[in-house]
Amino acid sequence: MTIRVDPERNELRALRGVDAWRGKKVLEIGCGDGRLTLRLASLGTAVIHAIDPSVDLIRTARKNLPTKLAKKIRYKVGSAEELKYRSNSYDIVVFSWVL
Amino acid sequence: MVHALRETHRVLKTDGLLLDLRPGPVHRRIGIEVDGQYEQLAIMGEQLLDDYAANRAVAEVIQEGLFKPVSRTQFNCNRTMALRDFASWLADFADDRAAPQERLLQTITRAYKSRSKRKKIVVKGPLVLKVLRKVES
């Protein structure tokens, strides 16, 4: 299935205006196939941990991950209700179309 | 939802930001674009109850003093697709009785097939980006 989401990149423009992303540690909740994750990486973030409850979507996201971003982005199956991460560890948490 | 937001509060650093990005509670508009010209053909009429529930959850954690609102931005977000993908996309709303799928699919299919030039289906709807800042409790 080929659906282009936000070809005008308005989403990225809005996110860029939020904060200085460079060097930030980010948690993305509901990353799906990683569409937005890759856009977040382009903002200069230091690390992105991206989770989604769907095993299939995480598999797709890992498959689509460019080698040059492999050290920056970590995909993991997980739920927003039970975050398996330490307290006080992220600069920014993004809920991607999930609330 | 509220529990997920409380979990987010826990993992955020002091002064960290929570970004809530999702479609706004507005019915999506569906049309066809031919050579850059957009023509609206239908409005979806889907249920928006989940959107309202999410808004209430965000309001609740602000009320609890876990976060304070920083900004709210609304902007257009299009999805473009060919006819073969439209039916699959529409299937995501299969349980939504407020959005009559069959009639919508027929309308769009008929209009799509009647256009001979370069064409694509465009689904339009706003995205809302809310930014909240963590408040130490």
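For the structure itself, look to the data block above.
Owing to the predicted nature of the structure, the values given are computational and were not obtained by experimental measurement.

Student: Quick question: what am I supposed to make of the overall build of chain A here?
Tutor: Summing up its helical and strand segments, chain A has 3 helices and 5 strands in all. Counted from the first residue to the last, chain A has its helices and strands arranged as β-α-β-α-β-α-β-β. Its C-alpha atoms give chain A a radius of gyration of 13 Å, near enough to 13 Å, the size a compact globule of 99 residues would have. Dimensions of chain A, computed from the C-alpha atoms along their principal axes, are close to 35 × 30 × 30 Å. Relative to its 99 residues, chain A shows a buried fraction of 48%. A total of about 5200 Å² of accessible surface is found on chain A, and carbon and sulfur atoms cover 50% of it.

Student: What is the right way to read the state of the cysteines from this model?
Tutor: Put plainly, a disulfide is one covalent bond tying together the sulfur atoms of two cysteines. Across all of its chains, the model carries 0 disulfides over all chains by this definition. Considering cysteine sulfurs only, Cys77 of chain B is the nearest to Cys31 of chain A, which forms no disulfide, with 17 Å between them. Residue Cys31 of chain A is classed as buried on the basis of its relative accessible area of 6%.

Student: When you look at the pairing of strand 5 (residues 119-134) of chain B in this model, what are you seeing that I'm missing?
Tutor: Along any regular strand the residues' side chains alternate between the sheet's two faces. Residues and elements named next belong to chain B. Most of strand 5 sits inside the fold, with 13 of its 16 residues counted as buried. Sheet topology places strand 1 (residues 12-23) next to strand 5; 7 bridges connect them, and they run antiparallel. In the strand pairing of strand 5, Leu17 is matched with Arg133. As defined by bridge partners, strand 2 (residues 29-34) adjoins strand 5 across 6 bridges and the pair is classed as antiparallel.

Student: What is the right way to read the packing of aromatic side chains from this model?
Tutor: Residue and element names in this part refer to chain B. The final tally for this structure, using the stated rule, is 2 aromatic pairs over all chains. Plain terms: the ring middles of Phe86 and Trp89 are 6.0 Å apart, the flat faces sit at 25 degrees to each other, and that makes the pair stacked. Pair noted here: Phe86 and Trp89 are both in helix 3 (residues 83-91), with a separation of 3 residues, about one helical turn. In this pair, the class of Phe86 matches that of Trp89, namely buried.

Rules behind the numbers
Residues numbered from 1 in each chain as written. Chains lettered and ligands numbered in written order. Predicted model: local features only at pLDDT ≥ 70, side-chain atom pairs only at ≥ 80, totals over all residues. Heavy atoms only, no water. Helix = DSSP H or I, 4+ residues; strand = E, 2+ residues; numbered from the N terminus. Rg over C-alpha atoms; globule rule 2.2 N^0.38 Å. Buried < 20%, exposed > 50% of the residue type's maximum accessible area, 1.4 Å probe, protein only. Areas by Shrake-Rupley, 256 points an atom, 1.4 Å probe, with all protein chains shown as cover. Disulfide = S-S within 2.5 Å. Pairing = 2+ DSSP bridges. Phe/Tyr/Trp six-rings, centres within 6.5 Å; stacked < 30°, edge-to-face > 60°.

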